[in-house]
Amino acid sequence: MVTPTRTSAPTPVPVPERYTLAQARRIALAAQGLHRPRPDGPITIRQVQQVIDRVGLLQIDSVNVLARAHQVPLFSRLGPYDVALLDRAASRAPRRLMESWAHVASYVPPTTYQLLEWRRRADRERYGASVVEGVPLRESPVLDEVRTMVADRGPVTSQQAHELFAERFPRETGAWGWNWTVAKSALEYLFFAGEVAVAGRTPAFERRYDLTERVLPSDVAARQVPDDEEAVRRLVEISARAHGIGTLRCLADYFRLSTARAQRAVSSLVADGVLVPAQVAGWDREVYRHVEARVPRRATGAALLSPFDPLVFERRRLEELFGLRYRIEIYVPQAQRQWGYYVLPFLLGDAIEALVDLKADRATGRLVVQAAHRAPGARDRQGAPGDDEVARALADELWLVARWTGLDEITFGADGVGGDLVPALTRAVRPSSAGLAGTAGAVG
């Protein structure tokens, strides 16, 4: 008698959850901490840490038209706060933040820094072939001299390191773009490779380099670095938590992972129940919700968003969630700009209602509105607020920005200030100035 072979039942394929576009927006806003009003009272390092834990990374950029790129996302979520809290988090032991190549140049928690070791290992090979005085950088004797200098004198800036080589390798003049000295090239290679880390920044925002072992908190350094597959899996989970809900492309882009790497991690996270397959109305791709993400009944927050805010990193996601095709136009010739030079989306409730081009004129103590527009299609949305309502909310936000950045007035740019929201915003800003204590000024 032949015993029949017992076969296991096939694993059932989970039925994707279904969400409307409005629900997906609210999930995304809640994941980023932008779905409700900001907290009241003085902001503490504990609240700063909560934002860091929620968003996972803060992009760094040298543009300082309004404030440093990494500072604004905290303001968007917390309101006026002491930026020294963030500086201390990145420059004093035990550090809560470290610089790394993550989304792009970013601040990340030290534990996330360790998860990016596989990328630093690849960068050692990628950048080591660069040539300094005819010798590949990784084999250049200059590298040993720089290592010794950092070990003996760190933390040091690239300018301080350049003094060691100024006679042998004078700084080139007249070159356009990234005109790095030999010392800067060596330090950046050691930074990308993970041999040195950024111990902090000078008031001029120059990096101060030190040995990684003196920057990375000892308790984190003592942990075993996970293998590449596990590291990527954890990075994708951080991304998924920060997104709440998103496509493979969204989850990969947060840490600039290849879709192949991200897909393997997503499959593993789905199998473990960390990610839940979902569908969003109107999206033609697979979607995943982090198991802890929730759908608020409504969104009631208001915030200006930096062009480098994690909510707007992935432009296709932004367009699909909010109907906004948004590009930063800093490098676009002025005559070809649609919205302005340094344009911040204004989030009100669960919609981006306006785009405002701002500049902090620190010499005169003015927050200058260069342009202000209603977001495309905002007026056509069912139940959308009118221009006056949006302008009043935006005026309140502008005064909050002015207070945070130490500016006394809100003025409108000189000849040529544009935008269809300017008339309503002018009316809204003018009476707001009367209610401010101190020297808050009138609209120019």
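Refer to the preceding data block for the structure.
Residues numbered from 1 in each chain as written. Predicted model: local features only at pLDDT ≥ 70, side-chain atom pairs only at ≥ 80, totals over all residues. Heavy atoms only, no water.

This part takes up the overall build of the chain. Within the chain, the regular secondary structure consists of 17 helices and 16 strands. The buried share among the 444 residues of the chain stands at 53%. Counting only contacts in the chain whose residues sit at least 6 apart along the sequence, the fraction spanning at least 24 positions is 66%. When the accessible surface of the chain is split by element, carbon and sulfur atoms take 49% of a total near 21,500 Å². (Helix = DSSP H or I, 4+ residues; strand = E, 2+ residues; numbered from the N terminus. Buried < 20%, exposed > 50% of the residue type's maximum accessible area, 1.4 Å probe, protein only. Contact = heavy atoms within 4.5 Å. Areas by Shrake-Rupley, 256 points an atom, 1.4 Å probe, with all protein chains shown as cover.)

Pairing is mixed across the open sheet formed by 4 strands, whose spatial order is β1-β10-β11-β9. With partners counted over all chains shown, the strands left at the sheet margins are β1 (17-19) and β9 (245-247), one partner each. Across the sheet, the mean angle separating the axes of adjacent strands is 40° when strand polarity is ignored. Both β9 and strand β11 (residues 287-290) contribute to a ladder of 3 bridges, which runs antiparallel. Bridging across to β11, G246 finds its partner in Y288. Together, β1, β9, β10 (275-280) and β11 form the strand contacts of helix α1 (residues 21-31), whose direction differs from that of β1 by roughly 95°. (Pairing = 2+ DSSP bridges. Axes fitted to C-alpha atoms, helices over the stretch in contact; angles between N-to-C directions.)

With that out of the way, let us pick up helix α6 (residues 117-128). Under the 1.5 Å per step criterion, the end-to-end length of α6 is 16 Å for 12 residues, consistent within 8% with the ideal 16 Å. Of the residues making up α6, those classed as buried are W118, R119, R120, D123 and G128. (Expected span 1.5 Å × (residues − 1).)

Glancing now at the sheet that holds strand β3 (residues 98-101). Within a sheet, adjacent strands bond to each other through the backbone by hydrogen bonds, running parallel or antiparallel. If you walk across this open sheet you meet the 3 strands as β2-β4-β3, and the pairing is antiparallel. Each edge of the open sheet is held by one strand with a lone partner, namely β2 (58-59) and β3. Where β3 lies against strand β4 (residues 105-108), 4 bridges are found, and the strand directions are antiparallel. Paired with M98 across the bridge in β4 is V108.

Right, let's talk about the pattern of salt bridges for a bit. Applying the stated criterion across every chain yields a total of 32 salt bridges. A salt bridge links R381 to E353, with the nearest nitrogen and oxygen atoms 2.2 Å apart. On the criterion of sequence distance, the pair formed by R381 in the loop between β15 (366-374) and α16 (387-405) and E353 in strand β14 (residues 351-361) is long-range, its members being 28 residues apart. In this structure, a network of salt bridges that share partners links the residues E353, R374, R379, R381, D387 and D420. (Salt bridge = Lys/Arg side-chain N within 4 Å of Asp/Glu carboxyl O.)

Before going further, it helps to spend a moment on unusual backbone geometry. The step from A93 to P94 runs through a cis peptide bond, and the omega angle for that step is -10°. Within the secondary structure, P94 sits in the loop between α4 (83-91) and β3. The omega torsion across G154 and P155 is 0°, close enough to zero to call that bond cis. Looking at where P155 falls in the secondary structure, it is placed in the loop between α7 (141-153) and α8 (158-162). Here the phi dihedral of F205 falls at roughly 70°; this positive angle occurs in a residue that is not glycine. Its identity is not glycine, yet R256 carries a phi of approximately 50°, on the positive side.

A few words on the nonpolar core. Counting residues in hydrophobic clusters, the biggest one holds 90 residues, and the most contacted among them are L398 and L425. The dominant element in this core, judged by the number of residues it contributes, is α16, at 9 residues. Those residues in contact with L425 that lie beyond four places of it in its chain are V369, A372, A391, L394, A395, L398 and F412. Of all hydrophobic cores here, the second largest spans 29 residues; its members include A24, L29, L305 and L355. (Core = buried A, V, L, I, M, F, W, Y, C linked by side-chain atoms within 4.5 Å.)

To continue, consider the environment of D61. In this structure, D61 sits in the loop between β2 and α3 (72-78). Take D61: its relative accessible area is 19%, and that puts it in the buried class. A sequence separation of 247 residues divides D61 from F308, and the C-alpha atoms of the two residues are 8.3 Å apart. At 2.8 Å, the side chain of D61 forms a polar contact with the backbone nitrogen of V63. (Polar contact = N/O pair within 3.5 Å; in protein donor to acceptor, adjacent residues only side chain to side chain.)

Closest axis-to-axis distance for the α1/helix α12 (residues 228-243) pair is 6 Å, and the angle between their directions is 115°. Of the residues in α12, those in contact with I27, A28 and A31 of α1 are R241, A242 and H243. In terms of residue class, the contact of α1 with α12 is built from 4 nonpolar, 1 polar and 1 charged. (Nonpolar A, V, L, I, M, F, W, Y, C, P; charged D, E, K, R; others polar.)

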